[in-house]
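Here is how the chains run, residue by residue.
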Amino acid sequence: MNKITQLFNIKYPIIQGGMIWNSGYKLASAVSNSGGLGLIGAGSMYPEVLREHIQKCKKATDKPFGVNIPMLYPNLEEIINIVVEEGVKIVFTSAGNPKTWTSFLKEKGITVVHVVSSSLFALKAQEAGVDAIVAEGFEAGGHNGRDETTTLTLIPMVKEKIQIPIIAAGGIATGRGMLATMILGADGVQVGSRFAASIESSAHNNFKETIVRVKEGGTQLTLKELAPVRLVKNKFYQDVQNLYENCPSKEELIQLLGRARAKKGMFEGDLDEGELEIGQIAGLIHEILPVEQIIEQMMTEFDVAAKEKAKFEF
Ligand SMILES: Cc1cc2nc3c(=O)[nH]c(=O)nc-3n(C[C@H](O)[C@H](O)[C@H](O)COP(=O)(O)O)c2cc1C
């Protein structure tokens, strides 16, 4: 038992990050059934679709699971009400101010975790009363902080500032990565990219195969003027780079991004015109595997690496 396994009543301190277009009930329940904590990603779901996924998840697992809510969507209140009505016990919030909803959720008996990318925001989340924070480094897939703070530097800096449990995210896909961040001060890990390339991920197969093909250096954080996001360097990414050469206004960037690019890329499998969000660690992901196997591999490697550490001699 450690702080994170105790907080969520799970076997391993591995959380599957909420991921738009990837983490429906199938992925979340598979992670929870394998001893981690699965999160349904509300960010890409209409409220009633989210309700359906929560209900299906309850049927697919008797283990704890949660919902990830990016707080930048207009129908936030409706989403929060559904989560409460459906009796969800764990909520991870991201992309917003933790003060807005934490006390409301806590009053309903929900365990609340907030995702941050700096120690300043970790402190704010702690002050807002969350139960734990996810500290997400610049390597991570999806939307990201502007400061480019890497997981290796972020975790010890957050650890210096806050007392509540820390979940490390960004660049973790193996048991060794997990052990490394826990040695730096994390109590558990949140993994995104590795689970995006799982059998149970709801992403289009074209996207999963792209993750396997992406090599070191194949992603880049871009669109910092809007919401910084790490993307595969595909045609759409190149279109963005070309536009940058003409010093575009924010409006021109918004116009190029248009609507539903992420859905087009990750869910519909349009590898040219779609936005393909994935982390730097994709360079280490070589196979699309079932969730159970991913977690088993991570935990076996974690144990082997922990024993090796005991043998370090200088
Ligand atoms: C395809 C994709 C979609 C994501 N969508 C979300 C999201 O909706 N909400 C959120 O808080 N984080 C989101 N993330 C971030 C993950 O939850 C997680 O923190 C991150 O992937 C961890 O870094 P890693 O990709 O290096 O494992 C997303 C990541 C990916 C790869």
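Residues numbered from 1 in each chain as written. Predicted model: local features only at pLDDT ≥ 70, side-chain atom pairs only at ≥ 80, totals over all residues. Heavy atoms only, no water.

**Examining the domain arrangement of the protein chain**
Domain boundaries in the protein chain define domain 1 (3–203 + 282–299) and domain 2 (216–280). One C-alpha centre belongs to domain 1, the other to domain 2, and the line joining them spans 23 Å. Each side of the interface is counted separately: domain 1 has 19 residues, and domain 2 has 17 residues. In total, domain 1 and domain 2 occlude about 1600 Å² of area from one another, counting both sides; carbon and sulfur atoms represent 57% of this. Among the residues domain 1 hides against domain 2, the three largest losses belong to Trp21, His143 and Arg146. Together they make up 34% of the total. Inspection of the domain 1/domain 2 interface yields one salt bridge. (Domains from an automatic or database assignment. Contact = heavy atoms within 4.5 Å. Buried area = accessible area lost by both parts, 1.4 Å probe. Salt bridge = Lys/Arg side-chain N within 4 Å of Asp/Glu carboxyl O.)

**What about the packing of aromatic side chains?**
Any two aromatic rings considered together are summarised by their centre-to-centre distance and by the angle between their planes. This structure, assessed with the given rule, holds four aromatic pairs. Relative to Phe104, the ring of Trp101 lies with its centre 5.4 Å away and its plane at 80°, an arrangement referred to as edge-to-face. The ring of Phe138 is capped by Arg230, whose NZ or CZ atom sits 4.7 Å from the centre of that ring. (Phe/Tyr/Trp six-rings, centres within 6.5 Å; stacked < 30°, edge-to-face > 60°. Lys NZ or Arg CZ within 6 Å of the ring centre and 35° of its normal.)

**Here's the deal with the pairing of strand S6 (residues 132–136)**
Most of S6 is tucked away: five of the five residues are buried. Of the two faces of S6, the one carrying Ala132, Val134 and Glu136 and the one carrying Ile133 and Ala135 are both buried. In terms of strand pairing, strand S5 (residues 111–116) meets S6 through four bridges, oriented parallel. Bridged to His114 within S6 is Ile133. Crossover connection from S5 via helix H6 (residues 119–128) to parallel S6: handedness right-handed. (Buried < 20%, exposed > 50% of the residue type's maximum accessible area, 1.4 Å probe, protein only. Helix = DSSP H or I, 4+ residues; strand = E, 2+ residues; numbered from the N terminus. Pairing = 2+ DSSP bridges. Right-handed = clockwise from strand over helix to strand, strands pointing away.)

**Description of the packing of helix H3 (residues 47–60) against helix H4 (residues 76–85)**
It is at 9 Å that the axes of H3 and H4 come closest, and there the two elements cross at 20°. With respect to their mutual orientation, H3 and H4 come out roughly parallel. Note on packing geometry: the crossing formed by H3 with H4 is right-handed. Taken together, the residues of H4 that come into contact with H3 (itself represented by Pro47, Glu48, Leu50, Arg51 and Ile54) are Glu78, Ile79, Ile82, Val83 and Glu85. A class-by-class count of the residues in the contact of H3 with H4 yields six nonpolar, no polar and four charged. (Axes fitted to C-alpha atoms, helices over the stretch in contact; angles between N-to-C directions. Parallel < 35°, antiparallel > 145°, perpendicular 65-115°, else oblique. Left-handed = near helix turned anticlockwise from the far one by under 90°. Nonpolar A, V, L, I, M, F, W, Y, C, P; charged D, E, K, R; others polar.)

**Section: the sheet that holds strand S7 (residues 142–143)**
Taking strand neighbours across the sheet as the criterion, the three strands line up as S7-S11-S10 in an open arrangement whose pairing is antiparallel. Here the strands that pair on one side only, and so sit at the sheet edges, are S7 and strand S10 (219–222). Bridging between S10 and strand S11 (residues 229–232) involves four bridges; their strand directions are antiparallel. By the bridge assignment for S11, Thr219 is matched with Val232.

**Re the site of the ligand**
Of all residues adjacent to the ligand, which total 23 residues, the nearest are Ser94, Glu136, Gly171, Gln190 and Ser193. Between Gly141 and the ligand, the recorded distance is 3.1 Å, taken from a backbone N or O atom to an oxygen atom. A distance of 2.8 Å separates an oxygen atom of the ligand from a polar side-chain atom of Gln190. Contact with the protein chains removes 95% of the 600 Å² of surface that the ligand exposes when unbound. Where the shell around the ligand is concerned, the elements lending two or more residues are strand S3 (65–70) and strand S9 (188–191). (Near = heavy atom within 4 Å. Polar contact = N/O pair within 3.5 Å; in protein donor to acceptor, adjacent residues only side chain to side chain. Areas by Shrake-Rupley, 256 points an atom, 1.4 Å probe, with all protein chains shown as cover.)

**Re the environment of Thr174**
Residue position: Thr174 is located in the loop between strand S8 (166–169) and helix H8 (175–183). Once the C-alpha coordinates of Thr174 and Tyr237 are considered, the two residues, 63 residues apart in sequence, prove to be 28 Å apart. Not counting residues up to four positions away in its chain, the partners in contact with Thr174 are Leu284, Met298 and Glu301. Within the structure, Thr174 has its side chain in polar contact with the side chain of Glu301 (distance 3.4 Å).

**Describing unusual backbone geometry**
The residue Glu148 is not glycine, and still its phi comes out positive at about 65°. Assignment of secondary structure puts Glu148 in the loop between S7 and helix H7 (151–161). Here Glu148 falls in the partly exposed class, since its relative accessible area comes to 39%. Unlike most non-glycine residues, Leu223 shows phi in positive territory, near 50°. Of note, Leu223 is situated in the loop between S10 and S11.

**What to know about the sheet that holds strand S1 (residues 14–16)**
Taken together, the eight strands give an open sheet; going across it, the order is S1-S9-S8-S6-S5-S4-S3-S2, and neighbouring strands pair in parallel fashion. Two strands close off the open sheet at either side, each with one partner strand: S1 and strand S2 (38–41). Strand-to-strand twist in this sheet, taken as the mean axis angle between neighbours without regard to direction, amounts to 25°. Lying over the sheet, helix H2 (residues 25–33) contacts S1, S2 and S3, oriented at roughly 170° with respect to S2. Each of S3 and strand S4 (90–94) is contacted by H4, which is oriented at about 170° to S3, the strand it contacts most.

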